[in-house]
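Overview (structure and organization)
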Amino acid sequence: LIYCYRKPKTKRAKRFLEKREPKLKENTKNAMLIKGGNANSTVTEVLKDIYAVKKPFAVLYKKKNITRPFEDQTSLEFFSKKSDCSLFLFGSHNKKRPNNLIIGRMFDYHVLDMIELGIEKFVSLKDVKNSKCPEGTKPMLIFAGDMFDVSEEYRRLKSLLIDFFRGPSVPSIRLAGLEYVLHFTAVDGKIYMRSYKVLLKKSGCKIPRIELEEMGPSLDLVMRRTHLASDDLYKLSLKQPKALKPKKKKNISHDVFGTTYGRIHMQKQDLGKLQTRKMKGLKKRPAEKSAEDGGASPKKSKSA
């Protein structure tokens, strides 16, 4: 696919192109959820539930799309360019790989990382008869299991899940807003995804007592195929612009206790030119002035 730049003819088109231009602080990443050509009811329900969790930063394509991301990635890149999404979740089902999910992310509208997961058990939002969190709630992400720190594939999966579910960046946090938890556990070659609603109960003190109530959806996943970016490309995708990097301050040091010390460089000061308070008692006599000028005798006053 070849995209040619066209000059916008209207102000609306100009604003549309300006929103997609690179920025110092990028917008919240959007995700597209695509249904494969042979997706069954289980995969369709999973895509709908994850779309409900991810809203409003998600786009759900309801029509089936016959494509295989591991063989041909052009259709994913086309949809990414069309919907301005840098994350995707593709669902499919066949005899060789039943109940299949492919989660991935883009860099410059090209596939960067892609991991294939198989669904072994699924509990939808409808099956859990509890109150739900409002749309757009930012979740708290918890990862348990040594595999997320030991294996490179699981480490990339952890980074990918954080990118997918983290939501918008916020300057401050309100205690009552911490009401949604997504928990991922990696053990015995499986990944368990659970979602909980946080209930703040009375405890008799300022800090409330916290209880977790299962909300759904919950998934038991197993890792299948992976398509990871090379180290050079992955390092390039993490590169930050120079304007966002903190500027180094010279002549500043810190000790072990965190105290900040600053070194100031000053020129040598001539104390002879220092202006002092003018007083009659400190005023120099004519003889002292002549001695400083070179020993010349003062002029004699004219006689009357």
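Source: prediction; values computed, not measured.

Turning next to the UniProt feature "domain: Brix" (unreviewed entry) in the protein chain. Look at the UniProt record and you will see "domain: Brix" (unreviewed entry) annotated at residues 29-232. With 22% helix and 41% strand, the stretch residues 29-232 has end C-alpha atoms that lie 22 Å from each other.

Counted at 1.5 Å a residue, the expected span for helix α2 (residues 41-54) with its 14 residues is 20 Å, and the 20 Å between its end C-alpha atoms agrees. Listed in full, the buried residues belonging to α2 are Val 43, Thr 44, Val 46, Leu 47, Asp 49, Ile 50, Val 53 and Lys 54.

Time to look at the packing of α2 against helix α5 (residues 152-165). Between α2 and α5, the shortest axis-to-axis distance is 10 Å and the interhelical angle comes to 65°. Packed against α2, whose contacting residues are Ile 50, Val 53 and Lys 54, the element α5 presents Asp 163, Phe 164 and Phe 165 at the interface. Looking at the contact of α2 with α5 residue by residue, the classes come out as four nonpolar, no polar and two charged.

Turning to a nonpolar patch on the surface, a few remarks are in order. Together, Leu 175, Leu 200, Ile 210 and Leu 212 line one region of the surface with nonpolar side chains, adding up to about 400 Å² of accessible area. Tracing the chain through its elements places Ile 210 in strand β9 (residues 209-214). On the basis of relative accessibility, which here comes to 56%, the residue Ile 210 falls in the exposed class.

The subject of this paragraph is the nonpolar core. Counting 35 residues, the largest nonpolar core has Ile 50, Leu 89, Ile 103, Leu 117, Phe 164, Phe 165 and Phe 184 as the members making the most contacts within it. A total of six residues in this core trace back to one element, the largest contributor, which is α5. In contact with Leu 117, not counting residues within four places along its chain, are Asn 99, Asn 100, Leu 101, Ile 103, Leu 157, Ile 191, Leu 221, Val 222, Met 223 and Arg 224. In terms of nonpolar packing, the next biggest core, distinct from the first, is built from twelve residues, Ile 34, Phe 79, Cys 85 and Ile 102 among them.

The subject of this paragraph is the environment of Ser 237. With respect to the helices, strands and loops of the structure, Ser 237 is situated in helix α6 (residues 231-237). Put simply, Ser 237 and Leu 112 are 125 residues apart on the chain and 8.6 Å apart in space, counted from C-alpha to C-alpha. Sequence-distant contacts of Ser 237, defined by excluding residues within four places in its chain, comprise Phe 107 and Leu 112. At 2.6 Å, the side chain of Ser 237 and the backbone oxygen of Tyr 234 are in polar contact.

Looking now at unusual backbone geometry. Along the chain, Lys 55 connects to Pro 56 via a cis peptide bond; the corresponding omega equals 5°. Position of Pro 56 among the secondary structure elements: in the loop between α2 and β2 (58-65). At Asn 99, a position not held by glycine, the phi torsion is positive, near 50°. Structurally, Asn 99 is set in the loop between β3 (87-92) and β4 (100-107).

Rules of the game
Here the residue numbering is sequential within each chain, running from 1 through the sequence in written order. Selection of residues for local features in this predicted model requires a pLDDT of at least 70, selection of side-chain atom pairs for listing and counting requires 80 or more, and totals for whole chains, interfaces and linings are taken over all residues. Only heavy atoms go into the side-chain values, all of them from the structure, while hydrogens and water stay out. UniProt positions are given in the numbering used here, feature names are shortened, and annotations may be inferred rather than shown by experiment. Only DSSP runs of H or I with at least four residues qualify as helices, and only runs of E with at least two residues qualify as strands; both kinds are numbered from the N terminus onward. One fewer than the residue count of a helix, multiplied by 1.5 Å, yields its expected span. With a 1.4 Å probe rolled over the protein chains alone, any residue whose accessible area is under 20% of its type maximum counts as buried; one over 50% counts as exposed, and the rest are partly exposed. Axis lines are fitted to C-alpha atoms, over the contacting stretch for helices. Their N-to-C directions set the angle, which ranges from 0 to 180 degrees. The contact rule is simple, with two residues in contact once any of their heavy atoms fall within 4.5 Å. When residues are grouped by polarity, Ala, Val, Leu, Ile, Met, Phe, Trp, Tyr, Cys and Pro land in nonpolar, Asp, Glu, Lys and Arg in charged, and all others, Gly among them, in polar. By definition, no residue in a patch forms a salt bridge, and every one has over 30% relative accessible area; like charges are joined within 9 Å, nonpolar side chains (Val, Leu, Ile, Met, Phe, Trp, Tyr) within 5 Å. Values of accessible area rely on a 1.4 Å probe in the Shrake-Rupley scheme; residue burial ignores everything except the protein chains shown. We define a salt bridge as a side-chain nitrogen of Lys or Arg found within 4 Å of a carboxyl oxygen belonging to Asp or Glu. Among buried residues, those of type Ala, Val, Leu, Ile, Met, Phe, Trp, Tyr and Cys that are joined through side-chain atoms within 4.5 Å constitute a nonpolar core. In protein, a polar contact means a hydrogen-donor-capable atom and an acceptor-capable atom, both N or O and within 3.5 Å, with residues adjacent in sequence counting only if both atoms are side-chain atoms; elsewhere, any N or O pair within 3.5 Å suffices.

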